[in-house]
Structures are given as C-alpha cells and as structure tokens.
Amino acid sequence: MPGRRSVVDYSLRRRAVLAAVQTGRTSLYEVCDAGPYLTRAARHHGDRTEETCPVCRGHRLTTVSYVYGDGLGHVSGSAKTHAELARMDTMQEEFTVYEVEVCRACGWNHLDCSYVLGVEPEPGRQSRRPRRRAATEQ
C-alpha cells in the first residue's frame, strides 16, 4: 500500500508466540482460536498470501484488513480488501488499518501490522467532520 505511514510491525510478538507454542508453554488452543466472524471475513474480504501457516504448515495464510477512524462512520470496524483500501486512501480522512493474518484451516490468527491511510489533514486546519458536543456543553 503506497500511502502507508505510522507503521507498527508485530512480527517480534509473532515470533515469541510461535516459540512459546514450539516449546510447549502455550497450547495450540490458545493460538488457533479464530472466531466465526474472523474466518468469515477472511473468506469474503481477505487477501490470500503465499506464506504458509506457521502452525499447521499445510495451508496458505489470508490477510484481513480492518479499518477504524472517526471519519468513516458506520464503515469503521469493518473488513476491507486491499483494492477497497487503495480506493479509500484517496477519498477518506485519515484512518487506521489493522491487518490480521488468518489460517482458515486451523484457526491461527495474529495481528500482523497496523498503519495509517487516508488524506492527511493540513496543518492548522480542522477536520471536515465537526466534533460532537456533549449534552452538558453549550
């Protein structure tokens, strides 16, 4: 994704979890716990990768991207494909993307990275969306 900024990579945490599984400190039930919503999102909105699952080693991983942001409204919290993210990058205010890798066979899932996309606000300029006021404010 060309417009990615403020990238946070969780690969060190991933390696630590996999090491704990290999040494027996963590069970497979704890790491292969993808819920039905995540597996459904992987099936319909995920992007297949060439990387094989580090747990079952028999299937390829799928990447699911979730978007969050104040300017997204009802879309915030939903899964998007990379094509949809590229389109949103040029049309939306800043929003955060969380990429989760999922094995649809064994249920392995792990937060892979997070980053910011969208149109950067100009310095000193208010957001296009006005701030909501609390009922006690006037």
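What comes next is a walk through the structure.

## A few points about the pattern of salt bridges
Turning to step 1, where the next piece is worked out: Tallied over the full model, the rule gives four salt bridges.
Turning to step 2, where the next piece is worked out: Arg 14 is paired through a salt bridge with Glu 51; the nearest N and O atoms lie 3.0 Å apart. Remark: Glu 51 occurs in strand E2 (residues 47-52) and Arg 14 occurs in helix H1 (residues 11-23); sequence separation between them is 37 residues.
Turning to step 3, where the next piece is worked out: By relative accessible area, which is 13% here, Arg 14 ends up buried.
Turning to step 4, where the next piece is worked out: Classification of Glu 51 by relative accessible area gives partly exposed; the value is 39%.
Turning to step 5, where the next piece is worked out: In this structure, Glu 101 and Arg 14 form a salt bridge, with 2.4 Å as the shortest nitrogen-oxygen distance. Taken together, the residues Glu 101 in strand E5 (residues 95-102) and Arg 14 in helix H1 connect sequence positions 87 residues apart.

## A word on the pairing of strand E6 (residues 109-117)
Turning to step 1, where the next piece is worked out: For E6, the tally of buried residues reaches seven of nine residues, placing the bulk of the element in the interior.
Turning to step 2, where the next piece is worked out: As paired elements, strand E1 (residues 5-9) and E6 share three bridges and run antiparallel to each other. Bridged to Asp 9 within E6 is Cys 113.
Turning to step 3, where the next piece is worked out: Across eight bridges, E5 lies against E6 in antiparallel orientation. Each residue of the ladder has a partner; that of Phe 95, found in E6, is Leu 117.
Turning to step 4, where the next piece is worked out: Taking the residues between adjacent antiparallel strands as the criterion, E5 and E6 are bridged by six residues, where Gly 107 takes a positive phi near 95 degrees.

Calculation criteria
- Residues numbered from 1 in each chain as written.
- Predicted model: local features only at pLDDT ≥ 70, side-chain atom pairs only at ≥ 80, totals over all residues.
- Heavy atoms only, no water.
- Salt bridge = Lys/Arg side-chain N within 4 Å of Asp/Glu carboxyl O.
- Helix = DSSP H or I, 4+ residues; strand = E, 2+ residues; numbered from the N terminus.
- Buried < 20%, exposed > 50% of the residue type's maximum accessible area, 1.4 Å probe, protein only.
- Pairing = 2+ DSSP bridges.

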